[in-house]
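Read off the chains here:
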Amino acid sequence: IPALGEHSVRNALAALAVGKALGLEDTVIQEGLLTYRNAPMRQQFHELPDGVLLMDDSYNASPEAVKVSLDVLKSVAKGRTTAVLADMLELGEQSAALHYAVGKHLAEIGIHRLLAVGALSEHTAQGAVENGCPEVYHFTNNREAYESLSASIEPQEAILVKGSRGMHTEEIVKQLLSERT
């Protein structure tokens, strides 16, 4: 299947089971799986100069979706890994703990650098720092995060951009693409 991550495999297996249950021929199911494409701003990869890989997953964010995207980032990286993570909104009373858990996961899987954006992402930064992420920065808005990121990208770096819809992290992606392509 033309998608990365364990979650994509599980989704493909579910689609296969539904196709079989509906009586579709194997070749029809196979064609559907082989022609799958991620929706815009959902794990879309862009190759930039100097071997930089930008993973645009800016459409939305939940704690589990962010962790899955971090795992995918780690799996495709050839060099330094950078996660630009903005606030995950509408998480209720558990928001601080859920943001912290994302930062902890990021550090545990060995992401090299976190650029956290927004007030809630301070908890993500805290989780990353307390669990050993070597570089952690916090910004109040996308412009600040973009300026820092743009000035410090290394050759062969793999970059993930993700945040809740209301955080408009696609702005960071658009600026990177317009500057570097």
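The sections below set out a description of the structure shown in this document. (Residues numbered from 1 in each chain as written. Predicted model: local features only at pLDDT ≥ 70, side-chain atom pairs only at ≥ 80, totals over all residues. Heavy atoms only, no water.)

**Thoughts on empty space enclosed by the protein**
Throughout the structure, instances matching the rule amount to 1 cavity of 30 Å³ or more. Considered as a void within the structure, the largest cavity measures approximately 60 Å³ in volume. Around the largest cavity, the lining residues are Ala 61, Val 66, Leu 85, Ala 86, Met 88, His 99, Val 102, Ser 121, Thr 124, Lys 162 and Gly 163. When the residues that make up the lining of the largest cavity are grouped by side-chain class, the tally is 6 nonpolar, 4 polar and 1 charged. (1 Å grid on protein atoms, 1.4 Å probe; cavity = no way out; pocket = protein on both sides within 12 Å on 5 of 7 lines; lining within 4 Å. Points joined across faces, edges and corners; volume = space filled by probe spheres on them. Nonpolar A, V, L, I, M, F, W, Y, C, P; charged D, E, K, R; others polar.)

**A closer look at the pairing of strand β4 (residues 113-117)**
Moving residue by residue along a regular strand, the side chains alternate between the two faces of the sheet. Summarising burial for β4: 5 of the 5 residues are buried, a large majority. Of the two faces of β4, the one carrying Arg 113, Leu 115 and Val 117 and the one carrying Leu 114 and Ala 116 are both buried. Where strand β3 (residues 81-86) lies against β4, 5 bridges are found, and the strand directions are parallel. Its bridge partner being in β4, Thr 82 is matched across the sheet by Arg 113. Taken together, β3, helix α4 (residues 95-108) and β4 constitute a β-α-β crossover, and its handedness is right-handed. Direction of pairing for β4 relative to strand β5 (residues 135-139): parallel, over a ladder of 5 bridges. The partner of Arg 113 across the bridge, within β5, is Glu 135. In this region the chain leaves β4, passes through helix α5 (residues 121-130) and returns to the parallel neighbour β5; the handedness of that crossover is right-handed. (Buried < 20%, exposed > 50% of the residue type's maximum accessible area, 1.4 Å probe, protein only. Helix = DSSP H or I, 4+ residues; strand = E, 2+ residues; numbered from the N terminus. Pairing = 2+ DSSP bridges. Right-handed = clockwise from strand over helix to strand, strands pointing away.)

**Points about the pattern of salt bridges**
Throughout the structure, instances matching the rule amount to 11 salt bridges. In this structure, Arg 143 engages Glu 147 in a salt bridge whose closest nitrogen and oxygen atoms are separated by 3.5 Å. With Arg 143 and Glu 147 both in helix α6 (residues 142-152) and 4 residues apart, the pair spans about one turn of that helix. For Arg 143, a relative accessible area of 47% translates into the label partly exposed. Given the relative accessible area of 44%, Glu 147 is considered partly exposed. The closest approach of N and O atoms between Arg 165 and Glu 170, which form a salt bridge, is 3.0 Å. By relative accessible area, Glu 170 is classed as buried at 9%. (Salt bridge = Lys/Arg side-chain N within 4 Å of Asp/Glu carboxyl O.)

**Points about the sheet that holds β5**
Reading across from one edge, β1-β2-β6-β3-β4-β5 is the order of the 6 strands in this open sheet, with mixed pairing throughout. In this open sheet, the two strands that pair with only one neighbour each are β1 (44-48) and β5. Ignoring which end each strand starts from, the neighbouring axes of this sheet average 15 degrees apart. Pairing of strand β2 (residues 52-56) with strand β6 (residues 158-162) involves 4 bridges; the strand directions are parallel. By the bridge assignment, Asp 56 is partnered in β6 with Val 161. Where α6 meets the sheet, its contacts fall on β3, β4, β5 and β6, and the angle it forms with β4 comes to roughly 160 degrees. Here helix α7 (residues 170-180) sits on the sheet and contacts β1, β2, β3 and β6; the angle it forms with β2, its principal contact strand, is near 150 degrees. (Axes fitted to C-alpha atoms, helices over the stretch in contact; angles between N-to-C directions. Contact = heavy atoms within 4.5 Å.)

**Regarding the packing of α4 against α5**
Put simply, α4 and α5 touch, their axes get as near as 6 Å, and they point 40 degrees apart. Crossing hand, α4 versus α5: right-handed. Across from Ala 96, His 99, Tyr 100, Val 102, Gly 103, Lys 104, Leu 106 and Ala 107 in α4, the residues of α5 making contact are Ser 121, His 123, Thr 124, Gln 126, Gly 127, Ala 128 and Glu 130. Looking at side-chain class alone, the contact of α4 with α5 contains 6 nonpolar, 7 polar and 2 charged residues. (Left-handed = near helix turned anticlockwise from the far one by under 90°.)

**Topic: the layout of surface pockets**
There is about 460 Å³ of room inside the largest pocket. In this structure, the largest pocket is lined by 22 residues; those nearest its centre are His 7, Asn 11, Tyr 36, Asn 38 and Arg 42. At 5 residues, the largest contribution of residues to the lining of the largest pocket is made by helix α1 (residues 6-21). Here the lining of the largest pocket is built from residues that sort into 11 nonpolar, 7 polar and 4 charged.

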